[in-house]
Amino acid sequence: MGMNINQKTARIAGILYLTIIASGIFAEFFVRSSLIVPGDAAATANNIIASGSLFRIGIASDTIMIICDVALALIFYVLLKPVNSSLSLMAAFFRLTQAAVLGVNLLMLFFVLQLLNGTAYSTVFGTEQLYALSMLFLEAHGIGYSIGLVFFGVHCFILGYLVAKSGYFPRILGILLMIASLGYLIDSFAKILMPDYKTYEETFTLVVFAPAFIAELSMCLWLLLKGVKMSETNS
């Protein structure tokens with residue numbers, strides 16, 4: 001019975017993971033990347049005003065991602081508790097902290113909507129000021145996302161270690177997750193520490209996105225297609 005429950009749990013984890021990947025990519029790369037014009041507050045503001053519904057869908061997609069993250073934190077704790085209960089709990093806490101940071105960070109995007117759509121603000125700020133403030137909140141959202149990914153990076157490293165040690169996941173999955181965690185941490189701290197980060201942003205994005213996408217998609221597909229095979233003593 002325990003083994004059957006863990007197999008079902010693994011499948012649910014796979015569905016949640018796939019939803020997280022799809023929602024996150026959609027919100028960041030298909031919504032915000034298509035609307036935000038770096039260095040051009042006016043063009044960005046006009047894009048958001050013209051595509052307000054798409055911008056809101058992006059926020060909703062992020063919200064779905066965060067909800068799934070909370071559920072997945074619990075499931076990974078259950079699946080990996082037999083390996084090391086303390087580390088599994090720590091991994092869950094780091095993922096939950098990331099979810100909390102990203103959830104609060106969504107307020108930045110609502111501030112943008114309020115500034116661009118709220119007529120009350122137009123009586124206090126000029127158009128250019130409203131556009132500049134909106135861009136400030138969008139950039140603040142980007143920094144907040146990076147802060148959240150610091151916690152996620154630590155989570156991925158602990159998760160990768162537990163997966164590699166588990167015996168019921170392929171060791172390579174754990175190694176890939178640990179490599180991805182280093183990418184998240186390097187990129188996030190670079191964004192925090194380097195004043196000229198934007199000069200190297202494409203390079204850092206490649207360093208993070210490629211290994212992270214491979215690692216997380218591999219983990220997702222394994223959970224969906226293979227699940228876990230835990231011994232009765234572990235389950």
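Bear in mind that the values here come from a model prediction, so they are computed numbers and not experimental data. (Residues numbered from 1 in each chain as written. Predicted model: local features only at pLDDT ≥ 70, side-chain atom pairs only at ≥ 80, totals over all residues. Heavy atoms only, no water.)

Visitor: Any details on the overall build of the protein? Residues and values, ideally.
Guide: Each helix and strand in the protein was counted, giving 9 helices and 0 strands. Along the protein, from the amino end to the carboxyl end, the secondary structure elements read α-α-α-α-α-α-α-α-α. For the protein, the residues scored as buried account for 42% of the 235 residues in total. Taking all contacts inside the protein whose residues are at least 6 apart in sequence as the whole, residues at least 24 apart take part in 78%. For the protein, the accessible area works out to roughly 11,800 Å², and carbon and sulfur atoms hold 70% of it. Computed over 12 positive and 12 negative side-chain charges, the separation of the two mean positions in the protein equals 19 Å. (Helix = DSSP H or I, 4+ residues; strand = E, 2+ residues; numbered from the N terminus. Buried < 20%, exposed > 50% of the residue type's maximum accessible area, 1.4 Å probe, protein only. Contact = heavy atoms within 4.5 Å. Areas by Shrake-Rupley, 256 points an atom, 1.4 Å probe, with all protein chains shown as cover. Lys, Arg positive; Asp, Glu negative; His and termini not counted. Charge placed at Lys NZ, Arg CZ, Asp CG, Glu CD.)

Visitor: I'd like a description of the pattern of salt bridges, backed by residues and values.
Guide: Applying the stated rule across the entire model yields 3 salt bridges. Residue Arg 32 is joined to Glu 28 by a salt bridge in which the shortest nitrogen-to-oxygen separation is 2.9 Å. With Arg 32 and Glu 28 both in helix 1 (residues 2-35), this residue pair falls 4 residues apart, about one helical turn. Judged by relative accessible area, which is 5%, Arg 32 ranks as buried. The salt bridge partner of Arg 32 is Asp 62, with a shortest N-O separation of 2.7 Å. You can see Arg 32 sitting in helix 1 and its partner Asp 62 sitting in helix 3 (residues 52-80), a full 30 residues away along the chain. With respect to class, Arg 32 is no different from Asp 62; both count as buried. A single salt-bridge network, built from bridges that share partners, covers Glu 28, Arg 32 and Asp 62. (Salt bridge = Lys/Arg side-chain N within 4 Å of Asp/Glu carboxyl O.)

Visitor: Describe the packing of aromatic side chains, and please don't skip the residues or the numbers.
Guide: Under the criterion given, the structure shown has 8 aromatic pairs. Plain terms: the ring middles of Tyr 17 and Phe 76 are 6.0 Å apart, the flat faces sit at 75° to each other, and that makes the pair edge-to-face. Residue Tyr 17 is found in helix 1, and its partner Phe 76 is found in helix 3; the two are separated by 59 residues along the sequence. Taken individually, Tyr 17 and Phe 76 each receive the classification buried, so the pair is uniform in this respect. Consider the rings of Phe 26 and Phe 30, whose centres lie 6.5 Å apart with planes at 20°: the pair is stacked. In this pair, Phe 26 and Phe 30 are both assigned in helix 1, 4 residues apart and thus about one turn of the helix distant. The class for Phe 26 is partly exposed, based on a relative accessible area of 30%. Put simply, the rings of Phe 29, Phe 209 and Phe 213 pair up and form one aromatic cluster. Geometry around Tyr 17 places Arg 95 over its ring, the cationic atom sitting 5.5 Å from the centre. (Phe/Tyr/Trp six-rings, centres within 6.5 Å; stacked < 30°, edge-to-face > 60°. Lys NZ or Arg CZ within 6 Å of the ring centre and 35° of its normal.)

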